[in-house]
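Working through the structure, step by step
Spelled out from the first residue to the last, the chains are:
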Amino acid sequence: MSKTRTASLLVLILFALSACASKSPADAPAKTDTPAIEAAEATAAPVNDECLICHTDKQRLIDTAKPEVAAESESKGVG
Amino acid sequence: MAPLEPWQKVLVDGEKFLPTDHGEIACVDCHGGVQSPDKETAHEGLIASPSAQPEKYCGECHEEQTTTYPFALHSTQQGYWTALEARSVPENHAQLEEMFGNHCATCHTTCGECHVSQPKNVGGGLFTGHVFETTPPMTRSCTACHGSRVGNEFLGKNEGLAGDVHFREARMNCIKCHAGTELHGSSSDPTPFDQTQGRPAPDHRYSGSEMPKCTDCHETAAPGGDDNPMHQAHGDTLSCQVCHSITYTSCDGCHTAISETSGRPFFETEATYQTFFIGLNPDPSEDRPYKYVPVRHVPIAADSYEFYGRDLLTNFNALPTWLYATPHNIQKHTPQNASCETCHSGDETLFLTEEKVKSDELEANASVIVETLPPLVSVEKFLNAPLLPVDHVEHASNSCTACHAEGIREAPISPEDHLEYKDDNCSGCHKLQQ
């Protein structure tokens, strides 16, 4: 396979993959009004998102979560 | 509600969350932080509660809600301040603000605390693996905060007292009545001004339009809507809860302070007890014209905030301590709606009379204490009351006595035994002929 054909094939694969990527909020239906405050710009969650890798892993969260010391309430009666 | 383990609070359910609209947004776009496998590094600059800035993080897609919500009562907590300001003077506001920040401000609610996680004042924690719930889960959201009175009444958790019929029979949740338009607010002007109503936005849960209104669903229960003589006689003078709620919770003497040992804020309530009292509506309005309403003792006391300063509630008597209430334990049949005689027999058991009010709260409650019991009426007398002639439609008013007191225009003179009804609307018994 020539280098040119390999390069073309790679471009085609990348194009196909990009079509399968998760939808960005930018693809959401257009809004007619501009928000008063500039909204946080949204981007698609990457598949290898470190946040998700950890926060979807129950055992890892159990192992790493900081223990909470439940403070005994000093309140008495119905709030 | 059982507390969640620390890991449970932050566990994301990839299978459920990622296919949702919110799952398409990168975590760091809302929560900040850093892409790193190291926990400490990853959490640098973490924004745990992005919806504390609703316009920035929610407004792009939910513009309508984020425009109005900053002025809604769940966000502003203005209801508390309306009462505090009425009972105090501006000179005391600084100390009251300190008290409020320590004891009350945790009830401020963000978008996320209804739609994605449990409120922080009950420990927080994601509802369903970070899936955003259009309808907040009732017991993990609404009654997690509104539990000791509304929640217990609605769900039937008060011993010996049935839960609300809307829950028992229809499994209705809070949102069925308290729709998003009510909870998200409808004002976007900092004055604030309710644009949908063309008048100032509510500054208290019982100001502004009556939302929800029972007759929105029970249309025929409105005066003139059905053949129920009770609805016809009392539909505009009694709030629905007077006849359809049962015993509910009252509280006394809440005092706030900061613990000397832990440095944390705490409160103590002197008493909690079950009552059902009908009082006068202290502030009849176009939206709530009722003469009688159920009243609940709220836990305020003249020295509730004494820890923060002496005599902060200088005008304590400006508002009642027995307040207009809408108990959430509605029943079709209640002890008081079993017969006319329950209220019209001279028995003061159900009414907030002077003897039932603490002596040092009599002045505060002058506007709600029932001094004169409803007149004696029997079912037979009520049902046999003569109908008004058809031509009296032109005279439909409260001024019957203009003619019937002295027999003007040959009008029958009102019988002597009707003197006891002089403060009541004649049309309560004497209906217009159809």
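Since the structure is predicted, the reported quantities are computational estimates derived from the model, not experimental observations.

Across its full length, chain A holds three helices and zero strands. Going from N to C terminus, chain A has its helices and strands arranged as α-α-α. Each of the 79 residues in chain A was classed as buried or not, and the buried ones make up 14%. Carbon and sulfur atoms form 61% of the exposed surface of chain A, whose accessible area is close to 6,400 Å².

The next thing to look at is the pattern of salt bridges. Going through the model one piece at a time under the given rule, you end up with eight salt bridges over all chains. As a salt-bridge pair, Arg264 of chain B and Glu74 of chain A come within 3.5 Å of each other at their nearest N and O atoms. Linking Arg264 of chain B in the loop between strand 4 (248-258) and strand 5 (265-275) with Glu74 of chain A in the segment after helix 3 (58-64), this pair reaches from one chain into another. Assessed through its relative accessible area of 33%, Arg264 of chain B is described here as partly exposed. Note that Lys213 of chain B and Glu210 of chain B form a salt bridge whose closest N and O atoms lie 3.1 Å from each other.

The next subject is the domain arrangement of chain B. Residue and element names in this part refer to chain B. As far as domains go, chain B holds domain 1 (217-374) and domain 2 (377-434). Look at where the C-alpha atoms of domain 1 and domain 2 centre, and you get two points 31 Å apart. Across the boundary between the two partners, domain 1 contributes seven residues, which contact nine residues of domain 2. Of the roughly 660 Å² buried at the junction of domain 1 and domain 2 (both faces included), carbon and sulfur atoms supply 59%. For the side of domain 1 that touches domain 2, a count of residues per class yields three nonpolar, two polar and two charged.

Turning to the environment of Asp226 of chain B, a few remarks are in order. Residues and elements named next belong to chain B. Note on placement: Asp226 falls in the loop between strand 3 (199-200) and helix 16 (229-234). Asp226 gets classed as partly exposed once you look at its relative accessible area, which sits at 21%. When near neighbours in sequence (up to four residues on either side) are disregarded, Asp226 contacts Thr220, Ala221, His231 and Gln232. Only 3.0 Å separates the side chain of Asp226 from the side chain of His231, close enough to count as a polar contact.

With that out of the way, let us pick up the sheet that holds strand 8 (residues 322-324) of chain B. Residues and elements named next belong to chain B. Taken in spatial order, the three strands make up an open sheet running 6-7-8, and their pairing is antiparallel. Pairing within the sheet leaves two strands with one partner each, and these edge strands are strand 6 (277-280) and strand 8. The average angle at which neighbouring strand axes cross in this sheet is 55°, direction not considered. Across three bridges, the pairing between strand 7 (residues 292-297) and strand 8 is antiparallel. Following the sheet pairing, His297 is matched in strand 8 by Trp322.

In terms of burial, strand 4 of chain B is a largely internal element, nine of the eleven residues being buried. Hairpin connection of strand 4 of chain B to strand 5 of chain B: six residues between the antiparallel strands, including Gly263 of chain B at a positive phi of 80°.

Bringing helix 12 (residues 147-155) of chain B into the picture now. Residues and elements named next belong to chain B. For helix 12, the set of buried residues is Gly147, Gly151, Glu153, Phe154 and Leu155. The inward-facing, buried residues of helix 12 abut helix 11 (142-145), helix 13 (165-168), strand 4 and strand 7. Looking one or two places after helix 12, you find Gly156, whose phi comes out positive at around 75°.

All names here are of chain B. Tracing the backbone shows Pro412 in the segment after helix 19 (401-404). The class for Pro412 is exposed, based on a relative accessible area of 58%. Taking the C-alpha atoms as reference, Pro412 lies 54 Å from Thr314; in sequence the two are 98 residues apart.

As a further point, take the confidence of the model for chain A. Put simply, chain A has an average pLDDT of 64, and 41% of its residues get 70 or more. The low-confidence segment residues 14-38 of chain A (pLDDT under 50) makes 19 contacts with residues lying over four places distant or belonging to another chain.

Right, let's talk about the nonpolar core for a bit. Residue and element names in this part refer to chain B. Membership of the largest hydrophobic core is limited to twelve residues, which are Trp81, Leu84, Leu96, Met99, Phe100, Cys104, Ile300, Tyr305, Tyr308, Leu312, Leu313 and Phe316. Contributions of two or more residues to this core are made by helix 8 (78-87) and helix 9 (93-103). With sequence-adjacent residues up to four places away left out, Tyr305 is seen in contact with Leu84, Leu96, Met99, Thr256, Ile300, Leu312 and Leu313. Among the nonpolar cores identified, the runner-up in size contains eleven residues, and Val242, Tyr248, Cys343 and Val370 belong to it.

On to the packing of aromatic side chains, then. Residues and elements named next belong to chain B. All told, the structure shown has eight aromatic pairs over all chains when counted by the stated rule. With 5.8 Å between their ring centres and 65° between their planes, Tyr248 and Phe276 make a pair best called edge-to-face. Of this pair, Tyr248 sits in strand 4 while Phe276 sits in the loop between strand 5 and strand 6, and the two are 28 residues apart along the sequence. Across this residue pair, the class does not change: Tyr248 and Phe276 are buried. Between Tyr292 and Phe351 the ring centres are 6.2 Å apart and the planes differ by 65°, which places this aromatic pair in the edge-to-face class. In this pair, Tyr292 is assigned in strand 7 and Phe351 in the loop between strand 8 and helix 18 (379-383), connecting sequence segments 59 residues apart. We classify Tyr292 as buried; its relative accessible area is 9%. An aromatic cluster is present here, built from Tyr80, Trp81 and Phe100 joined pairwise through their rings. Seen from the ring of Phe167, Arg171 lies directly overhead, with NZ or CZ sitting 4.3 Å from the centre.

Reading the values: the criteria
- Residues numbered from 1 in each chain as written.
- Chains lettered and ligands numbered in written order.
- Predicted model: local features only at pLDDT ≥ 70, side-chain atom pairs only at ≥ 80, totals over all residues.
- Heavy atoms only, no water.
- Helix = DSSP H or I, 4+ residues; strand = E, 2+ residues; numbered from the N terminus.
- Buried < 20%, exposed > 50% of the residue type's maximum accessible area, 1.4 Å probe, protein only.
- Areas by Shrake-Rupley, 256 points an atom, 1.4 Å probe, with all protein chains shown as cover.
- Salt bridge = Lys/Arg side-chain N within 4 Å of Asp/Glu carboxyl O.
- Domains from an automatic or database assignment.
- Contact = heavy atoms within 4.5 Å.
- Buried area = accessible area lost by both parts, 1.4 Å probe.
- Nonpolar A, V, L, I, M, F, W, Y, C, P; charged D, E, K, R; others polar.
- Polar contact = N/O pair within 3.5 Å; in protein donor to acceptor, adjacent residues only side chain to side chain.
- Pairing = 2+ DSSP bridges.
- Axes fitted to C-alpha atoms, helices over the stretch in contact; angles between N-to-C directions.
- pLDDT = per-residue confidence, 0-100.
- Core = buried A, V, L, I, M, F, W, Y, C linked by side-chain atoms within 4.5 Å.
- Phe/Tyr/Trp six-rings, centres within 6.5 Å; stacked < 30°, edge-to-face > 60°.
- Lys NZ or Arg CZ within 6 Å of the ring centre and 35° of its normal.

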